[in-house]
Structure formats: structure tokens, C-alpha cells
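Here's the letter readout for the chains.
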Amino acid sequence: MSLTAPKTHFLDIADLEGDDLRHLLDAAHARKSARAGKPKGALDDDAPLAGYALAMIFEKPSTRTRLSFNMGMRQLGGETVILNHTDMQLGRGESIADTAQVLSRFADIIMLRTGPHNTLTELALDAQIPVINGLTAYSHPCQIVADLMTFEEHKGRFAGQRLAWLGDGNNVAMSFVHAAALLDFELALASPEAFSISAAEIDKARAKGAKITLCDTAQEAADGAASLITDCWVSMSDDPAETQSRVEALAPYQVTQDLMARGDDPIFMHCLPAHRDSEVTAEVIDGPRSVVFDEAENRAHAQKAILLHCLGLDKTA
Ligand code: CP
Ligand code: NVA
């Protein structure tokens, strides 16, 4: 099965074609409704991945990605193997290319969480099976499928809606920029210059049709927004020596009740893990407009759609 499976990687939202993202979202919604009321460990009725194995490599910590791929794969009827970087020969210098070949003999699909994006692309090049990006310093595409799904659950269609990103122009923000080129929402970005997404990336997305508004202040981005979104100020791959300068530069972008009041009945989104009273006040993240735990749950429904897409089995989803 392994060596003949289609090799559709999921490395970035920017690589998706046509209506792929729309189909992923529809499949994720359908998977969620189909298992309403089932116990967490129960199989999905169709169990389409019976006999398939997912290998997950974690070079960085994870709670949600680990849980959602593990439970999602099992609910689809498949098996998972979790490999921690430090326990693998990869940690002692075995090449990514050899690791890719070996994994391709044992698993049907791979998920990698790493720092350097080129570790991911190198693995994808050498693997004979699909590879999924479980987060790199550059992007976090799986998160965005879950986040967009959550947005639709609470706010409906994307058309005419403004999503505001406040704070660090990091990996999660990058995947929102990629998604803006494929769906009909406006993305308002407010980041300090030193920690903003590069002009080249913004230009690329705009050339593909993204409606991106670059804002000078958090207030400007929040005005009329249907969702205020943020993330931690120091990501896993960031240099800890930068922490102080990050905190100082990012403080004006903290999501507060005052900022929420500028939106259009907005929801608050955060991929988690969060730091209360840094990037968001406790009042907002623990308040009635916060949908952060829906985002966390939706990771599993989204992962299933992604797994089926990569294995060419999405038509049955
Ligand atoms: N949001 C997210 O990816 O969480 P983890 O780091 O816990 O996987
Ligand atoms: N930007 C964060 C996301 C964590 C899920 C990080 O990379 O650490």
C-alpha cells in the first residue's frame, strides 16, 4: 500500500489548488457533524483509514497537534506511531533522506513538526508517501484549516467579513495570509515592523487575489472585524535572546476588551497555548466571545479532512 499511495503533501495552504481549501473545510464540517454524540474513542462510521498508519515526528513540543492527529487517525480506523526526535537516530545525525526512506517502508503518511521549513521540504522530497506540515517556524497550515472551520461555525460565510490579526507576524499569521488568497475574506494585519510578515509574502498573496489590509495600529485592524486573532509573542523557534524586545514591541497589540469593542460582534481566536495578560487579557480569552477551545477541538476534524485529502480518499469524506 505504502509505495503506491498517491503523494499529495500538505506542506502549505499556498500549495493548494482551486477549491481544495473549500473542500477541506466542507469535509471537516461533515466529519464533525457525523460523529456528534459519539464517545471520543469511537470509530467514525465509515472508518476509511482502516489498515493505514500515520508516523508523527515531533522535533518541538505539542499538545493539540499530537492529540488531534492521534485521535483523528484512530477515529478514521488507522494506526499512529509517535516518534520523538531525541529518541530517533535523526537526533544522532542520520540524514533526513534516509529517515524519509525508512518511514516510507513502515507508514502510509508522515506528519512532521520541526523548526526549519527546509527540514520539512527535504523530508517531503525524499519520502515516497505524503508528508503533512505539523508546524514549522514558517507556517502552520493545519491550524488554519481548524481556525477557518471555527470561524464559519460562529460567523458564517467569509464573504464581506474582516479577520484581524494582531501581534507577531509568525507562522500562524503566515498561513492566514496564504488562506486569504483562496477564500473571500479581508485579512487586516497589525504587527510591529520588526515582527511583521515580509512585503514579498504579502505581495505574493495579493497577486493571487488576497485582500490584505496592512494596519498601523491594532485599533485600526480591529475596527469592524468579525474576529480578532492573536498568538504568543515568542514562538518555539524564536531566539529567546529576543524576548525582551518582542515583549516591548508587541505590547501595544495585546487583545483587550477595548479592542474587542471595536469589532463587529467579534469572536476571539488563538491557536493556543496562550499567555494570559501578555498577548491577550484573561478577561477576553476566558470571556464569552472566546472560541479557543472550539479551535482546539476542531483540530481533530480538520486533521481528518487533511489526512483523507493527502491519501486521495477525500472523495469518500
Ligand atoms: N496550536 C497548536 O498547534 O498546539 P500544540 O503546539 O499544542 O500542538
Ligand atoms: N506560533 C506558535 C504556535 C504554537 C502552536 C509557535 O510556533 O510556537
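As shown above, the structure is provided for reference.
A few points on the structure. (Residues numbered from 1 in each chain as written. Chains lettered and ligands numbered in written order. Predicted model: local features only at pLDDT ≥ 70, side-chain atom pairs only at ≥ 80, totals over all residues. Heavy atoms only, no water.)

### Points about the overall build of the protein chain
At step 1: Counting its regular elements, the protein chain contains 12 helices and nine strands.
At step 2: Against the globule reference of 20 Å for 317 residues, the protein chain gives a C-alpha radius of gyration of 19 Å, in line with a compact fold.
At step 3: For the protein chain, the proportion of its 317 residues judged to be buried stands at 53%.
At step 4: Residue pairs at least 24 apart in sequence account for 75% of intrachain contacts in the protein chain once pairs closer than 6 positions are excluded.
At step 5: For the protein chain, the accessible surface area stands at approximately 13200 Å², while carbon and sulfur atoms represent 51% of it.
At step 6: Charged side chains of the protein chain number 28 positive and 45 negative; the gap between the two group centres comes to 5 Å. (Helix = DSSP H or I, 4+ residues; strand = E, 2+ residues; numbered from the N terminus. Rg over C-alpha atoms; globule rule 2.2 N^0.38 Å. Buried < 20%, exposed > 50% of the residue type's maximum accessible area, 1.4 Å probe, protein only. Contact = heavy atoms within 4.5 Å. Areas by Shrake-Rupley, 256 points an atom, 1.4 Å probe, with all protein chains shown as cover. Lys, Arg positive; Asp, Glu negative; His and termini not counted. Charge placed at Lys NZ, Arg CZ, Asp CG, Glu CD.)

### A word on the side chain of Ser 139
At step 1: You can see Ser 139 is positioned in the loop between β4 (131-133) and α5 (141-155).
At step 2: Among the polar contacts listed, one links the side chain of Ser 139 to the side chain of Asn 133, at a separation of 3.1 Å.
At step 3: Not counting residues up to four positions away in its chain, the partners in contact with Ser 139 are Leu 11, Asp 12, His 117, Asn 133, Asn 171 and Ser 175. (Polar contact = N/O pair within 3.5 Å; in protein donor to acceptor, adjacent residues only side chain to side chain.)

### Brief notes about the sheet that holds strand β2 (residues 79-84)
At step 1: Spatial strand order, β2-β1-β3-β4: four strands in an open sheet with parallel pairing. Looking at strand neighbours, the two that pair on one side only are β2 and β4, the edges of this open sheet. The average angle at which neighbouring strand axes cross in this sheet is 20 degrees, direction not considered.
At step 2: With three bridges joining them, strand β3 (residues 109-113) and β4 adopt parallel strand pairing. Bridge pairing in β4 links Ile 110 to Val 131. (Pairing = 2+ DSSP bridges. Axes fitted to C-alpha atoms, helices over the stretch in contact; angles between N-to-C directions.)

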